[in-house]
Amino acid sequence: MPGGSDNLSELFTELSLAVDQKSDKVSVILDNLCSKVDKSQIPDEFASDCSSIFSDQLHSLLGWSSSETVTKTADVIASLAKIESTRVALTKPKIAAALLEVLKQNAGLSSDQNYLAMKHASRALGNLCYENNEGRKCVMEHDGLKIILHAIESTINLPDKELCYSLRACVVGLLLNLIMGQTDLYPELIKLGTVELLTKILEAGAEQDETAAIHVLMILSLLAESVNGEPLLTNRLCSVLVKTLGKSTSGELSELCVELIHGQAENNEIRLQLAKCGLCELLIQLMEEHRALVNDDETRNLLKMACDLIIIILNGDDCMRLLYGDGKGKVFLGLTQWLTSTDDDLQITGVLAMGNFARTDNHCAQIVAAGVGKKLISILSKNNTPSGDIRLQHALLSALRNLSIPAQNKPKLIADGIIDVVMPMLNIPTFPVVFKLLGTLRMLVDGQERVACDLGQRKDLLKKLVEWTGTEDHPGVQGEACRLLAWLIKNSRDREVMGRMVAAGAVPCLVGMITAEHTVMQNEALLALCLLSAMRLADAEKSFIQARVGEKINTLVNEMNPPREVFMIVVAMLCQLVNSSELILHLRETGVSKTIGSYASSRENMNDTLDQVASLIALFDPML
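Residues numbered from 1 in each chain as written. Predicted model: local features only at pLDDT ≥ 70, side-chain atom pairs only at ≥ 80, totals over all residues. Heavy atoms only, no water.

Trainee: In this structure, what is going on with the overall build of the chain? I would like to understand it.
Mentor: Counting secondary structure elements, the chain contains 39 helices and zero strands. Radius of gyration (C-alpha) of the chain: 37 Å, far over the 25 Å computed for a compact globule of 624 residues. Across its three principal axes, the chain shows a C-alpha extent of roughly 125 × 50 × 45 Å. Counting across all 624 residues of the chain, residues that qualify as buried make up 56%. Pairs at least 24 apart in sequence give 74% of the contacts found in the chain among residues at least 6 apart. (Helix = DSSP H or I, 4+ residues; strand = E, 2+ residues; numbered from the N terminus. Rg over C-alpha atoms; globule rule 2.2 N^0.38 Å. Buried < 20%, exposed > 50% of the residue type's maximum accessible area, 1.4 Å probe, protein only. Contact = heavy atoms within 4.5 Å.)

Following this line, the structure appears as structure tokens:
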């Protein structure tokens, strides 16, 4: 407003005279000042010109005996401190100290005048601290933190009325502005019991005072960042956060609740408490009720965070069992309904949840018996090409892999058509999806001779598996491809399958697997090669030699110190390989006889094998 600063100057001049004269006009002038400040455009020069008035007259008024005058003065300071230039001019230690004294003297008193004095003193201090480290310093130097925390505590049991709600919001807002960016303060705040204090504020009625609740959650979020993964949420706070989220009508408050919980939910104790408090049931209910309102990036991100939070909680074994409820839990049933949702994020969450629930054999059997496996296969049949949603493909295969583990489920899933549905996915180039595909197939062939024979004779599958065993872009895919080749041999024990394996170039892959990092993979490779050499040695001998099988055996036995059971499979395989004169020559040249002889003679638990090993060595070199 043109001329606004001139009018303010006149008012401040009048105020200065009135203060000096202890005039009754002070109250009226303060009212006029509040009105003018809120409506005026104040230039920077005004702040510097009136700096002495800010320091002297306003400070003097904060010490007057009239509570009404003090309150109005704090209101004027709060309004002036909204403006950066006047905020700087007001940033004086004596102003901060006087305002803190107002806060301290009125905390715990129960009249509306006391509430107003606290409210405006909090507003003034909060505005002085806003993006103003010098203002924060002035407050902290006068024991401001403890005074403010005491003031917050005094607002917990106030009457249910608008003035008290706004007071609580202002005092908590003051704490937020004071500590924003002051990370060195956060550990001290936690030690002073701030988390418990803020929990009480939320319990006092966040639904009536959402502004205070928003400030509380912002403070808690700042403190959560300082604990380096340690839990900040107590059981009590978990409970009140869930209640706050359930009663909130504010999008900002809901988002802050979800964000705070999300950041802490990886802790097992916290997520179990959240599960017990009914968080997942609430999130499912809220997303069902408000799904139609998800129409922009902000609300979509909130929905995704809520979905992710459900899955994080289900990652805990105790949480998963609790929410499964023997197949009758509200969360399990609700997430089952999401499998057919038209919302992609809800559907994917439902699928991921099924994979989480399928972490015990008993659950898996119940889930498949309830027809969930068939639903997952049906969904996958519409998403099994390179153009499908990668997130959904990955989630579906993860769930189906878990469901395929129990022996009783395999025939049911196979009868439901899972093999024909997943086979087109061989052409998907995304390695995380391929990794889950291979794991699913490996579980399905376990103990299923017919399926293993069928898959083991599919040239397209074998070609892909051999190709993937050589990939360096995804070690998981490389390992799973090798393991599936071995499992096809082990579970089919079929001569035709092994012939196809040799022709596809699988032998070098399996030979390379002999020196895998994990003992279980070493064992699987040796067993598969043992079976293959028993049935197809003539076809495979060149592949064995080209793969330098002797050198791999030396590496395994000499350098990797395999357990007795793995060594005995090595011996069993060598007993097959020595039926080939070319392989005998290769094994002799690579010194395998010395390797196995040294291993057997140097270990106490190998005495019963010495004769067998000696007989085998004699086959390598009859002169030994």
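Trainee: What should I look at first to understand helix H25 (residues 390–403) in this one?
Mentor: Along an α-helix, a turn takes 3.6 residues, which lines up residues three or four apart on a common side. Look at H25: 20 Å from first C-alpha to last across 14 residues, which is about the 20 Å you get at 1.5 Å a residue. Taking burial as the measure, the 14 residues of H25 include ten buried ones, the bulk of the element. Looking at H25, one finds that the buried residues are Leu 392, Gln 393, Ala 395, Leu 396, Leu 397, Ser 398, Ala 399, Leu 400, Asn 402 and Leu 403. On its buried face, H25 sits against helix H22 (344–357), helix H23 (361–369), helix H24 (372–381), helix H26 (409–415), helix H27 (418–422) and helix H28 (431–445). One side-chain oxygen of the residue at the start of H25 lies 2.8 Å from the amide nitrogen of Arg 391, identifying that residue as Asp 389. (Expected span 1.5 Å × (residues − 1). Polar contact = N/O pair within 3.5 Å; in protein donor to acceptor, adjacent residues only side chain to side chain.)

Trainee: Just checking my understanding: could you explain the nonpolar core for this structure?
Mentor: Burial of nonpolar side chains together is a common tendency in soluble globular proteins. Counting 230 residues, the largest nonpolar core has Phe 357 and Phe 544 as its most contacted members. In this structure, Phe 544 is in contact with Val 507, Val 511, Leu 529, Leu 532, Ser 533, Leu 537, Val 549, Leu 577 and Leu 583, ignoring residues within four places of it in sequence. (Core = buried A, V, L, I, M, F, W, Y, C linked by side-chain atoms within 4.5 Å.)

Trainee: Which parts of the structure should I look at to understand the packing of helix H19 (residues 297–314) against H22?
Mentor: Geometry of a packed helix pair, given as the angle between the helix axes and the separation of the axes. As a packed pair, H19 and H22 sit with axes 9 Å apart at the nearest point and diverge in direction by 5 degrees. Relative to H22, the element H19 is oriented roughly parallel. On H22, the residues touching Arg 300, Leu 303, Lys 304, Cys 307, Ile 311 and Leu 314 of H19 are Asp 345, Leu 346, Thr 349, Leu 352, Ala 353, Asn 356 and Phe 357. Partitioned by chemical class, the residues of the contact of H19 with H22 number eight nonpolar, two polar and three charged. (Axes fitted to C-alpha atoms, helices over the stretch in contact; angles between N-to-C directions. Parallel < 35°, antiparallel > 145°, perpendicular 65-115°, else oblique. Nonpolar A, V, L, I, M, F, W, Y, C, P; charged D, E, K, R; others polar.)

Trainee: What am I meant to see in the confidence of the model for the chain here?
Mentor: Note that predicted coordinates carrying low pLDDT should not be read in detail. The predicted model of the chain averages 92 in pLDDT, with 95% of residues at 70 or higher. Counting interchain partners and residues more than four positions distant, the pLDDT-below-50 stretch residues 1–5 has five contacts. (pLDDT = per-residue confidence, 0-100.)

Trainee: Even after reading the chapter, I still don't get the pattern of salt bridges, so can you show me in this structure?
Mentor: Side-chain pairing between opposite charges can occur once the charged atoms of the two side chains come close. Scanning the entire structure with this criterion turns up 21 salt bridges. In this structure, Arg 536 and Asp 539 form a salt bridge, with 2.7 Å as the shortest nitrogen-oxygen distance. Taken together, the residues Arg 536 and Asp 539, both in helix H34 (residues 519–546) and three residues apart, mark about one turn of the helix. Judged by its relative accessible area of 16%, Arg 536 falls in the buried class. (Salt bridge = Lys/Arg side-chain N within 4 Å of Asp/Glu carboxyl O.)

Trainee: When you look at unusual backbone geometry in this model, what are you seeing that I'm missing?
Mentor: Working note: non-glycine residues mostly have negative phi, and peptide bonds are mostly trans. The backbone phi angle of Glu 131 is positive, close to 50 degrees, even though this residue is not glycine. When its relative accessible area of 62% is taken as the criterion, Glu 131 is described as exposed. Positive phi outside glycine occurs at Asp 143, with the angle close to 60 degrees. Relative to the helices and strands, Asp 143 is located in the loop between helix H9 (133–140) and helix H10 (144–154). Among the residues examined, Asp 143 registers a relative accessible area of 45% and is labelled partly exposed.

Trainee: What should I look at first to understand helix H37 (residues 581–589) in this one?
Mentor: Along H37, the residues that are buried comprise Leu 583, Ile 584, His 586 and Leu 587. Taken around the axis of H37, the buried residues stretch over an arc of 165 degrees, which confines them to a single face. Every exposed residue of H37 that faces more than 90 degrees away from the buried side is listed here: Ser 581 and Glu 589. Taken together, the buried residues of H37 touch H34, helix H35 (549–559), helix H36 (564–577), helix H38 (592–601) and helix H39 (610–620). Within two residues after H37, Gly 591 carries a phi angle of roughly 75 degrees, on the positive side. (Arc of directions from axis to C-beta.)

Trainee: Looking at this model, I keep getting lost on the packing of aromatic side chains. Mind explaining?
Mentor: For any pair of aromatic rings, the description consists of the separation of the ring centres together with the inter-plane angle of the planes. Scanning the model with the defined rule gives four aromatic pairs in all. A ring pair is formed by Tyr 324 and Phe 332, whose centres lie 4.8 Å apart and whose planes are at 70 degrees; its orientation type is edge-to-face. Neither residue differs from the other here; Tyr 324 and Phe 332 are each classed as buried. Measuring from centroid to centroid gives 5.2 Å for Phe 332 and Phe 357, while their planes differ by 85 degrees, and the two rings are edge-to-face. In this pair, Phe 332 sits in helix H21 (residues 330–337) while Phe 357 sits in helix H22, placing the two residues 25 residues apart along the sequence. Both residues of the pair, Phe 332 and Phe 357, belong to the buried class. (Phe/Tyr/Trp six-rings, centres within 6.5 Å; stacked < 30°, edge-to-face > 60°.)

Trainee: Looking at this structure, how should I read a negative patch on the surface?
Mentor: A cluster of like negative charges, contributed by Glu 252, Asp 296, Asp 297 and Glu 298, occupies part of the molecular surface. According to the relative accessible area criterion, Asp 297 is exposed, its value standing at 64%. (Patch = residues over 30% accessible without salt bridge, like charges linked within 9 Å, V, L, I, M, F, W, Y side chains within 5 Å. Areas by Shrake-Rupley, 256 points an atom, 1.4 Å probe, with all protein chains shown as cover. Lys, Arg positive; Asp, Glu negative; His and termini not counted. Charge placed at Lys NZ, Arg CZ, Asp CG, Glu CD.)

Trainee: Just to check I follow, could you spell out the side chain of Ser 122 for this structure?
Mentor: By the secondary structure assignment, Ser 122 is in helix H8 (residues 112–129). For Ser 122, a relative accessible area of 1% translates into the label buried. Setting aside residues no more than four positions away along its own chain, Ser 122 makes contact with Leu 103, Cys 170, Val 171 and Leu 174.

Trainee: Even after reading the chapter, I still don't get the side chain of Asn 356, so can you show me in this structure?
Mentor: Structurally, Asn 356 can be placed in helix H22. On the accessibility criterion, Asn 356 (9% relative accessible area) is buried. A polar side-chain atom of Asn 356 sits 3.4 Å from a polar atom in the side chain of Asn 315. Side chain to side chain, Asn 356 and Arg 359 meet in a polar contact 2.7 Å long. Non-local contacts of Asn 356, meaning those with residues more than four positions away in its chain, are made with Ile 311, Leu 314, Asn 315 and Met 320.

Trainee: Sorry, what's going on with the state of the cysteines here?
Mentor: Under the criterion given, the structure shown has zero disulfides. Distance from the sulfur of Cys 238, which forms no disulfide, to the nearest cysteine sulfur (Cys 277) is 6.0 Å. Here Cys 238 falls in the buried class, since its relative accessible area comes to 0%. We note that Cys 509 lacks a disulfide partner, and the nearest cysteine sulfur, in Cys 482, lies 5.9 Å from it. (Disulfide = S-S within 2.5 Å.)

Trainee: I keep staring at the packing of H34 against H37 and nothing clicks. Help me out?
Mentor: Where H34 meets H37, the closest approach of the two axes is 9 Å, and the angle between their N-to-C directions is 25 degrees. Taken together, the axis directions place H34 and H37 in an arrangement best described as roughly parallel. Remark: the crossing between H34 and H37 carries left-handed chirality. Side by side, H34 and H37 meet where Leu 537, Glu 541, Phe 544 and Ile 545 of the first sit next to Glu 582, Leu 583 and His 586 of the second. A breakdown of the residues in the contact of H34 with H37 according to their chemical character gives four nonpolar, one polar and two charged. (Left-handed = near helix turned anticlockwise from the far one by under 90°.)

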